[in-house]
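# Inside the fold
Each chain, written out:
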Amino acid sequence: KSHKELLMASSPCHAKTNVMFLKTHKTASSTVLNILFRFAERYNLTVALPADQLLHLGYPKTFLANFVEEFQAIGQNYNIMCNHLRFNPSEVQKVMAANTFYFSILRNPIPLLESSYVYYKDNVPAFRISKDVNEYLASPTKYYHPEDYRQNIYARNIMWFDFGYDNNAKDNEKYIQAVLKEIEQNFHLILIADYFDESMVLLKHTLCWDLDDVIYFKLNSRSQDTVQTLTPESKEEIKAWCSLDWKLYLHFNQSFWRRIEDTIGREELEKEVNHLRTRQRELMDTCLLGQEAVGRDHIENKALLPFQSGAANILGYNLKQDLDNRTLRTCQRMVMPELQYTSYLYAVQHPHKKRKQLGLPLLWTSSQEK
């Protein structure tokens, strides 16, 4: 073993099990949520799940502790929190232990806005009344009316909003620096969706998890044919229109790569990314029929159908038929969409409460009922 490996082997670290993930919108965060839910099941951890029939933690309202199921009874004894919420540190701290690890994920605002546009086309007034994403970006203020700001959060600086800040704030250097500093104080790590595998390797190192804890199948992605091509003008316009998100992204993209240099190093990173991809391919070969994601019309088991939104065709997976029980469970967890998984964990954690209504068959709960 190399000197470095021996050093690392001699000081084993303990897997961190108190983790808060701020789930941002259209940033590969559903895939991260699936990783965290599987981790919670593996270590039998308690998840801060949305109360009653909610499928998120009160979003887009600013988070309050009582949005969490049984907060009154369970108090600060939750291990994992990762469903959508609008960040509010003082209320999150009522739910999560003092030694909780806080992290989130950001994405380049250029592909992010196009993704939001397609996904939220029907819900967001600014998107609904424009023909396509380029028309919207040619003159956003024509479509984006301040009085609709509640419905229009996805149409401008959505990441800034998710972190709890005003997404229509004036872009002022002093203000931006203050917010960046505050985010750095509240979060131990900010990942970058555009470098997802690198992010998973960094997360694994930082939390002291195993490779299998961060293996994933890409969830909640959409078919290529629903992607709209941005003009060069539109791309520039996003940097100006979403300048708060743009500066947020630039700042944390830099600190992300600095963190890699300081902890893992580029060479080791590359090795581990390759390792992760190899393991991912093995699992896909084991689990999946046809080895890849399929469009909504080709998902055989409707219990595994992801939530469909806007003009996006959200992809899902078909599992092989002849898997043994243990492999089947592993594979089902890997491909289980966010709402079904939330609902399933809720049924396990709060067996006496009314099930969350998804209007979908709930996967293997009947066979698991005691």
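For the structure, see preceding data.
To keep things clear, this report deals only with the structure shown in the data block.

Reading the values: rules and limits
Residues numbered from 1 in each chain as written. Predicted model: local features only at pLDDT ≥ 70, side-chain atom pairs only at ≥ 80, totals over all residues. Heavy atoms only, no water. Buried < 20%, exposed > 50% of the residue type's maximum accessible area, 1.4 Å probe, protein only. Helix = DSSP H or I, 4+ residues; strand = E, 2+ residues; numbered from the N terminus. Arc of directions from axis to C-beta. Contact = heavy atoms within 4.5 Å. Phe/Tyr/Trp six-rings, centres within 6.5 Å; stacked < 30°, edge-to-face > 60°. Lys NZ or Arg CZ within 6 Å of the ring centre and 35° of its normal. 1 Å grid on protein atoms, 1.4 Å probe; cavity = no way out; pocket = protein on both sides within 12 Å on 5 of 7 lines; lining within 4 Å. Points joined across faces, edges and corners; volume = space filled by probe spheres on them. Nonpolar A, V, L, I, M, F, W, Y, C, P; charged D, E, K, R; others polar. Polar contact = N/O pair within 3.5 Å; in protein donor to acceptor, adjacent residues only side chain to side chain. Pairing = 2+ DSSP bridges. Axes fitted to C-alpha atoms, helices over the stretch in contact; angles between N-to-C directions.

This part is about helix 12 (residues 232-241). The set of residues buried in helix 12 consists of Ser234, Ile238 and Trp241. Down the axis of helix 12, the buried side of the element spans an arc of 75°, and every buried residue falls inside it. Among the exposed residues of helix 12, those pointing more than 90 degrees away from its buried face are Pro232 and Glu233. Close packing links the buried residues of helix 12 with helix 5 (109-119), helix 7 (133-138), helix 8 (140-143) and helix 13 (243-263).

Across all of its chains, the model carries 26 aromatic pairs by this definition. We note Arg86 situated over the ring of Phe161; from NZ or CZ to the ring centre the distance is 3.7 Å. A cation over a ring is seen here: Arg156 above Trp241, with NZ or CZ 3.9 Å from the ring centre.

Moving on: empty space enclosed by the protein. The final tally for this structure, using the stated rule, is one cavity of 30 Å³ or more. Approximately 40 Å³ is the volume found for the largest cavity. Taken together, Pro109, Leu112, Leu113, Ser116, Tyr154, Arg156, Asn157, Ile158, Cys242 and Asp245 make up the lining of the largest cavity. When residues of the lining of the largest cavity are assigned to their parent elements, the largest contribution, four residues, is made by helix 5. Looking at the lining of the largest cavity, its residues break down into six nonpolar, two polar and two charged.

Mapped onto the elements of the fold, Thr31 is located in helix 2 (residues 29-42). Residue classification places Thr31 among the buried residues on the basis of a relative accessible area of 3%. A polar side-chain atom of Thr31 sits 3.0 Å from the main-chain amide nitrogen of Leu219. For Thr31, the contacting residues outside a window of four places in its chain are Phe196, Tyr216, Phe217, Lys218 and Leu219.

What the four strands build is an open sheet, ordered 2-1-3-4; its pairing is parallel. The strands lining the two open edges of the sheet, one partner per strand, are strand 2 (80-81) and strand 4 (189-192). Note that strand 1 (residues 19-22) and strand 3 (residues 101-106) share four bridges and pair parallel. If you follow Phe21 over to strand 3, its bridge partner there is Phe103. Against the sheet, helix 2 engages strand 1, strand 2 and strand 3, with an angle of about 165° to strand 1. In the packing of helix 11 (residues 196-207) onto the sheet, the strands contacted are strand 1, strand 3 and strand 4, and the crossing angle to strand 4 comes to about 155°.

Shape descriptors only; they carry no functional weight alone.
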